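Observations on the model geometry
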Amino acid sequence: MPRLTDVKEQRLSPAEPKPAVPTQGVGPRMALALELFTMRRDPLPGLGRPKWLARLPHVFVGYAAVFFGFLTTEQLMDHYHIKGGPPLAVALLTALSIWLAMFRPIAAWWLGLLAAGWSAWMIHDNVGRGQSWPWTPGGMFALAPVLLLVALRVPPRVTIWAVGISVALTGAAELTFHPDGSQISSPAASVLFGFVGLLGYALRALRLARGELVEQETLTAEERARRTLLEERSRIARELHDVVAHHMSVISIQAQVAPHLVENPSEELRENLAGIRENALEALTELRRVLGVLRSEQPGDPAAPQHPQHPQPTLAELDGLVDNVRGVGLDVTTEVAGIRRPLAPGVELTAYRIVQEALSNCLRHAPGSRVEVGVAYGPRELHLCIANSAPTRPASPSQGAGHGLLGMRERAGMLGGELAAGPRPDGGYEVSAVLPMDPQNPAAGTGHETKKAP
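So, here's what we can say about the structure. (Residues numbered from 1 in each chain as written. Predicted model: local features only at pLDDT ≥ 70, side-chain atom pairs only at ≥ 80, totals over all residues. Heavy atoms only, no water.)

1. Quick notes on the overall build of the protein chain
When helices and strands are counted, the protein chain shows 12 helices and seven strands. Taking the contacts inside the protein chain whose residues are at least 6 apart along the sequence as the reference set, 72% of them involve residues at least 24 apart. Of the roughly 26800 Å² that the protein chain leaves accessible, carbon and sulfur atoms contribute 60%. (Helix = DSSP H or I, 4+ residues; strand = E, 2+ residues; numbered from the N terminus. Contact = heavy atoms within 4.5 Å. Areas by Shrake-Rupley, 256 points an atom, 1.4 Å probe, with all protein chains shown as cover.)

Following this line, the structure appears as structure tokens:
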């Protein structure tokens, strides 16, 4: 599993905007200038859900471009009596600026200002009493969606400058070239442009917050799965530790008793057996020290090594496990195929735990179902199958972490086995596992073969 830091560095939230321009190594004024005059492509993001609405914002922007293009032509020709090709050219630039704002917002904003300036120059001598200048009634609203799309994708300081420059150019034009009798439009432009700027900033902040929330939820789920995996591995280590410690104790006792079973043992044999016993005792001491750490939530707790060691369950205790499950109201049947025989302690423990976890999942998630537990002893593999029918009543909400399958897969994979789980056609669920009778050293899969003792 990749580290969480790697995941965070590699994945960029879909709602997190990329930097508009590279501004590293430059001052704040130069960085602002680069952002205000960039021609960088910055596509308008689509809606996340549902998928069929992903391009809805693009449809609205395209409709707005066509609408304001026709509106500009109509007002220039009918209200200001401008004839010929110039009104069509201004209308085309206006529509193009709105459409371009979906891909290059800053460039579209400058293009919108150019179209507005051309329109103001064109109608300057045709403005009648009471008509607005330098903005036409429709031209002011045509720049509003462009500013909105700018505010959605640029930092707030760039939005402030874009709104400020638009309002400042309007005021400068009125102070310098204001036609007699015309109506000023700077107050209305200030209110409209300021409103769309604030709206775009609010929507951008909401989109960023949602993106950060999704990323945090993803990281939390990954951390929860990672923690559950580590806890399951620690549990497996504790259980297998008891098995290994038992065998080390047997080796130590056998090495101590062996000289007394041989008549006139040689000094070399005594030394070898003493060395075996000494190594076994040292290994057993280290195992017990590790066991104390694993079994204690506080590794420095001096009482940890004193925890009692209980024998680990095996498949011989499967009937007792099934009886306990039946006692809480679950209908369980078992079937054993093949010749029952003792297996390696790790295989016995893993098989028992897989059946135990699968039955626990049936109790939690499939109340009232019928469960079939199958155990088949093959020549080289042990086959397990735990299948349940569809539940007859709804399951109560589970308070667990929901990573039982993760632990079962970890146990099976540790032995070189396989585990599969999934729903059945009848609405039930099935867990099946294949465990090798003679688990191989994990290093064998990487080319490091281990030789067996003769």
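2. Structural notes on the nonpolar core
Of all hydrophobic cores here, the largest spans 40 residues; its most connected members are Ile 98, Trp 109, Trp 135, Leu 143, Val 146, Leu 147 and Phe 193. Of all the secondary structure elements, the ones that give two or more residues to this core are α2 (28-36), α3 (56-78), α4 (85-100), α5 (105-123), α6 (137-153), α7 (156-177) and α8 (186-257). The element that contributes the greatest number of residues to this core is α6, accounting for nine residues. With residues up to four places along the chain from it excluded, the contact list for Trp 135 reads Tyr 80, Ala 116, Met 140, Leu 143, Thr 170, Ser 185, Ala 189 and Phe 193. Residues Leu 318, Leu 330, Val 375 and Leu 435 belong to the second largest nonpolar core, which totals 31 residues. (Core = buried A, V, L, I, M, F, W, Y, C linked by side-chain atoms within 4.5 Å. Buried < 20%, exposed > 50% of the residue type's maximum accessible area, 1.4 Å probe, protein only.)

3. Observations regarding the pattern of salt bridges
Scanning all chains against the criterion turns up three salt bridges. Note that Asp 323 and Arg 326 form a salt bridge whose closest N and O atoms lie 3.2 Å from each other. With Asp 323 and Arg 326 both in helix α10 (residues 318-327) and three residues apart, the pair spans about one turn of that helix. On the accessibility criterion, Arg 326 (37% relative accessible area) is partly exposed. Between Glu 357 and Arg 364 there is a salt bridge whose closest N-O contact spans 3.3 Å. Overall, Glu 357 belongs to the buried group, its relative accessible area being 19%. (Salt bridge = Lys/Arg side-chain N within 4 Å of Asp/Glu carboxyl O.)

4. Description of the environment of Asp 426
For Asp 426, the position within the fold is in the loop between β6 (418-423) and β7 (429-436). Given a relative accessible area of 45%, Asp 426 falls into the partly exposed group. Separated by 37 residues in the primary sequence, Asp 426 and Ser 389 place their C-alpha atoms 6.9 Å from one another. Discounting chain neighbours no more than four positions away, the residues touching Asp 426 are Ser 389 and Ala 390.

5. Quick look at the packing of α4 against α6
Pairs of packed helices are described in terms of their axes, by the angle between the two and the distance that separates them. Running from N to C, α4 and α6 point in directions that differ by 20°, and their axes come no closer than 9 Å. Between α4 and α6, the angle is such that the two are roughly parallel. The handedness of the crossing between α4 and α6 is left-handed. Of the residues in α6, those in contact with Thr 94, Ser 97 and Ile 98 of α4 are Ala 142, Pro 145, Val 146 and Leu 149. Among the residues forming the contact of α4 with α6, the class breakdown is five nonpolar, two polar and no charged. (Axes fitted to C-alpha atoms, helices over the stretch in contact; angles between N-to-C directions. Parallel < 35°, antiparallel > 145°, perpendicular 65-115°, else oblique. Left-handed = near helix turned anticlockwise from the far one by under 90°. Nonpolar A, V, L, I, M, F, W, Y, C, P; charged D, E, K, R; others polar.)

6. A short note on the sheet that holds strand β4 (residues 370-377)
Taken in spatial order, the five strands line up as β3-β4-β5-β7-β6 in an open sheet, and their pairing is mixed. Either end of the sheet is taken by a strand with one partner, and the two such strands are β3 (331-337) and β6. Within the sheet, the average angular offset between the axes of one strand and its neighbour, ignoring direction, is 10°. Docked against the sheet, α10 engages β3 and β4, running at close to 165° with respect to β3. Against the sheet, helix α12 (residues 404-414) contacts β6 and β7, and its axis sits at roughly 155° relative to β6. (Pairing = 2+ DSSP bridges.)

7. Things to note about α5
In an α-helix, one turn spans 3.6 residues, which is why side chains three or four residues apart end up on the same side. With 19 residues, α5 extends 27 Å from end C-alpha to end C-alpha; this agrees with the ideal 27 Å at 1.5 Å per step. For α5, the buried fraction is high: 14 of the 19 residues fall into the buried class. (Expected span 1.5 Å × (residues − 1).)

8. What about the packing of helix α11 (residues 345-365) against α12?
Close contact between α11 and α12 brings their axes to 10 Å; oriented N to C, the two are set at 165°. Comparing the axis directions of α11 and α12 gives the class roughly antiparallel. Judged by the twist between their axes, the crossing of α11 over α12 is left-handed. Across the interface between the two elements, Thr 350, Arg 353, Ile 354, Glu 357, Ala 358 and Asn 361 from α11 touch Gly 404, Met 408, Arg 411, Ala 412 and Met 414 from α12. Along the lines of polarity and charge, the residues of the contact of α11 with α12 split into five nonpolar, three polar and three charged.

9. Observations concerning α4
With 16 residues, α4 should cover 22 Å at 1.5 Å per step; its first-to-last C-alpha distance of 22 Å lies within 8% of that length. What α4 keeps buried is the set Pro 87, Val 90, Ala 91, Leu 93, Thr 94, Ala 95, Ser 97, Ile 98 and Leu 100. Looking at the buried residues of α4, the elements they touch are α3, α5 and α6.

10. Regarding the side chain of Arg 353
Its location among the elements puts Arg 353 in helix α11. At 2.8 Å, the side chain of Arg 353 forms a polar contact with the side chain of Gln 356. (Polar contact = N/O pair within 3.5 Å; in protein donor to acceptor, adjacent residues only side chain to side chain.)

11. Some details on the packing of aromatic side chains
In total, this model carries five aromatic pairs according to the counting rule given. For the ring pair Trp 109 and Trp 110, a centre distance of 4.4 Å and an interplane angle of 50° mean the geometry is tilted. Owing to a relative accessible area of 0%, Trp 109 belongs among the buried residues under this scheme. Exposure remark for Trp 110: the relative accessible area of 25% places this residue in the partly exposed category. Clustering of aromatic rings is evident, with ring pairs tying together Tyr 63, Phe 67 and Phe 68. (Phe/Tyr/Trp six-rings, centres within 6.5 Å; stacked < 30°, edge-to-face > 60°.)

12. Considerations on the environment of Tyr 377
Topologically, Tyr 377 is positioned in strand β4. Sequence separation of Tyr 377 and Met 437 is 60 residues, and the distance between their C-alpha atoms is 8.9 Å. When sequence neighbours within four positions are dropped, the list of residues in contact with Tyr 377 reads Leu 315, Val 336, Ala 337, Gly 338, Ile 339, Arg 340, Arg 341, Leu 343, Leu 382 and Met 437.

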